[in-house]
Amino acid sequence: MTPWRTFVAAGVLTAAAFAALVPVRHRVILTSDPANPVQVVRVDSRSLAGWKRPGWGVALSGPPAWGGAAEGFFLTVDRPAEAVVTAWPHFRQSLSIQPTAAVRPSTLAEEGDREAFRTWFVAILEQQAEALSPAWEPEQRDCAGLLRFAFREALASHTEAWRARVAFTAGPAGQDPSPSFGAAWRRGFPTPDGTQAFAKGAFLRRLSCVPLGRDLQLARPGDLIFFARGGARLQPDHAMAFVRPDLDSAPMLLYHTGPEGAGAARQPGEVRRARLDDLLHHPDPDFRPVPENPAFLGLYRWRLLAGDSFEPSTPRS
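Keep in mind that this is a model prediction, so the values were computed, not measured. (Residues numbered from 1 in each chain as written. Predicted model: local features only at pLDDT ≥ 70, side-chain atom pairs only at ≥ 80, totals over all residues. Heavy atoms only, no water.)

*Asks:* Looking at this structure, I do not really get the overall build of the protein. What am I missing?
*Replies:* Each helix and strand counted, the protein has six helices and 15 strands in total. A buried classification covers 45% of the 317 residues belonging to the protein. Accessible surface, the protein: about 16,300 Å² in total, of which carbon and sulfur atoms supply 57%. (Helix = DSSP H or I, 4+ residues; strand = E, 2+ residues; numbered from the N terminus. Buried < 20%, exposed > 50% of the residue type's maximum accessible area, 1.4 Å probe, protein only. Areas by Shrake-Rupley, 256 points an atom, 1.4 Å probe, with all protein chains shown as cover.)

Rendered as structure tokens:
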């Protein structure tokens, strides 16, 4: 074959591959559920030949979001927002995104219920430091699992049968939240896949909590702090919860260490208490809750406890 014919053939093959593979037609799909604060923006991209392919240069601007072209962009908004989706070569589409019912905070009339929840949440956390509840599944025993367990049980009806099931031996922590309080949260935690009984730490932080910033003087018992475990390395979030102050009024936190080791040497970990002052001088700088530590993600409050006038700060990724 002569060089010019080779060149032409190569050009034809390139054009055919371009038509078959390169996505140039795009359709934006917004998926939402009233019971789930997470909304998903996906781009259905197709080539000229009709093949469905991940979009090229797909981006979403506007409200904070995570994810990407392949899995979709996940976001949650607490007020109407405008987003813009762009893709190669010249695609651009605006979206009007409304908050779902699940992100609307409780009314101020529920302040007594919020305090009841906070009291029980802290009491159940502290009980685990004395003896782990048999109702807390062993495979769920890590830092996020401790928060999920105490959250779920704080919303329960704290009857004698509940005490026997959970092995709660302390005296009455306080009155129960009313049965109607937190109705959506009793079904589970929001995740990108809908409401689930299980939500990993990153989803608890992003979807079940509101950020308070990095000033720990704002912390109340029941509030949480999160770390990017391992600093810049891609590992799960690590979480700790503020509980009742020590006898000298020093702020105290409680957390589960998570399983440690691997294989035959793997240990289940344990629940520990820590004084805030000691944590500020932790030997591992990644676990110091100070503003200059990039691994410290900040102070958070359960969304269930946020009032109508609450203005969350910008969350960190």
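We are not done yet, so read on.
*Asks:* It is not clear to me how the pairing of strand β4 (residues 65-68) should be interpreted in this structure. Could you clarify?
*Replies:* Only one face of β4 is buried: it carries Trp66 and Gly68, and the other face, with Ala65 and Gly67, is open. Relative to strand β5 (residues 72-75), β4 runs antiparallel, the two sharing four bridges. Residue alanine 65 lies in a different strand from β5, and its bridge partner there is leucine 75. Counting the residues that bridge the hairpin from β4 to β5 gives three residues. (Pairing = 2+ DSSP bridges.)

*Asks:* Would you take a moment to explain the sheet that holds strand β7 (residues 91-97) for this structure?
*Replies:* Pairing between the strands of a sheet comes from backbone hydrogen bonds, and it takes one of two forms, parallel or antiparallel. Taking strand neighbours across the sheet as the criterion, the three strands line up as β3-β6-β7 in an open arrangement whose pairing is antiparallel. Two strands lie at the open edges of the sheet, namely β3 (59-61) and β7, each paired on one side alone. Each strand axis lies, on average, 25° off the axis of its neighbour in the sheet, ignoring direction. As judged from the seven bridges shared by strand β6 (residues 81-87) and β7, these two strands associate in the antiparallel manner. Bridge pairing in β7 links alanine 81 to isoleucine 97. (Axes fitted to C-alpha atoms, helices over the stretch in contact; angles between N-to-C directions.)

*Asks:* Please clarify how the sheet that holds strand β1 (residues 23-33) should be interpreted in this entry.
*Replies:* Spatially, four strands are ordered β1-β2-β5-β4 in an open sheet, and the strand pairing comes out antiparallel. Of all strands in the sheet, those with a lone pairing partner are β1 and β4, marking the two edges. Recorded for the sheet is a direction-independent mean angle of 15° between the axes of neighbouring strands. Looking at chain direction, strand β2 (residues 36-47) and β5 are connected through three bridges and run antiparallel. Within β5, the residue paired with glutamine 39 across the bridge is leucine 75.

*Asks:* Quick question: what am I supposed to make of the packing of aromatic side chains here?
*Replies:* Aromatic rings in a pair are described by how distant their centres are and how their planes are angled relative to each other. For the structure on display, the rule yields 14 aromatic pairs. Geometrically, the ring pair formed by phenylalanine 226 and tyrosine 300 is edge-to-face, given 5.4 Å between the ring centres and 85° between the ring planes. With phenylalanine 226 in strand β11 (residues 224-228) and tyrosine 300 in strand β15 (residues 296-302), this pair connects stretches of sequence that are 74 residues apart. You can call tyrosine 300 buried: its relative accessible area is 1%. Seen in terms of ring centroids, phenylalanine 227 and phenylalanine 296 are 5.6 Å apart; in terms of plane orientation they differ by 45°. Their pairing is tilted. Residue phenylalanine 227 is located in strand β11, and its partner phenylalanine 296 is located in strand β15; the two are separated by 69 residues in the primary sequence. An aromatic cluster is defined as three or more aromatic residues linked by ring pairs; in this entry it consists of Phe117, Phe121, Phe151, Trp185, Phe189 and Trp302. (Phe/Tyr/Trp six-rings, centres within 6.5 Å; stacked < 30°, edge-to-face > 60°.)

*Asks:* It is not clear to me how helix α3 (residues 143-154) should be interpreted in this structure. Could you clarify?
*Replies:* Across its twelve residues, α3 extends 17 Å between first and last C-alpha, which sits within 8% of the 16 Å expected from 1.5 Å per residue. Counting buried positions over the twelve residues of α3 gives eleven, a clear majority of the element. Taking the backbone nitrogen of alanine 144 as reference, a side-chain oxygen 3.3 Å away marks aspartate 142 as the first, capping residue of α3. (Expected span 1.5 Å × (residues − 1). Polar contact = N/O pair within 3.5 Å; in protein donor to acceptor, adjacent residues only side chain to side chain.)

*Asks:* Which parts of the structure should I look at to understand the pattern of salt bridges?
*Replies:* Pairing is possible between side chains of opposite charge, provided their charged atoms come close. Per the stated rule, a full pass over the model turns up 15 salt bridges. With a shortest N-O distance of 2.9 Å, arginine 220 and glutamate 115 are connected by a salt bridge. Of this pair, arginine 220 sits in the loop between β10 (209-213) and β11 while glutamate 115 sits in helix α2 (residues 111-130), and the two are 105 residues apart along the sequence. Using a relative accessible area of 33% as the deciding quantity, one classes arginine 220 as partly exposed. (Salt bridge = Lys/Arg side-chain N within 4 Å of Asp/Glu carboxyl O.)

*Asks:* Is there a simple way to think about the environment of arginine 118 in this case?
*Replies:* Its location among the elements puts arginine 118 in helix α2. Sequence separation between arginine 118 and arginine 220 is 102 residues, and the spatial gap between their C-alpha atoms is 9.3 Å. Contacts of arginine 118, omitting those with residues within four sequence positions, involve Arg220, Pro221, Gly222, Asp223, Arg301 and Leu305. (Contact = heavy atoms within 4.5 Å.)

*Asks:* Mind showing me how you'd approach the packing of α2 against α3 here?
*Replies:* Geometrically, a packed helix pair is captured by the angle between its two axes and the distance between the axes. One way to put it is that α2 packs onto α3 with a least axis distance of 8 Å and a crossing angle of 130°. If you check the angle between α2 and α3, you find them oblique. Read as a crossing pair, α2 and α3 show a hand that is right-handed. The segment α2 lies against α3, with Phe117, Trp120, Phe121, Ile124, Leu125 and Gln128 engaging Leu146, Leu147, Phe149, Ala150, Phe151, Glu153 and Ala154. (Parallel < 35°, antiparallel > 145°, perpendicular 65-115°, else oblique. Left-handed = near helix turned anticlockwise from the far one by under 90°.)

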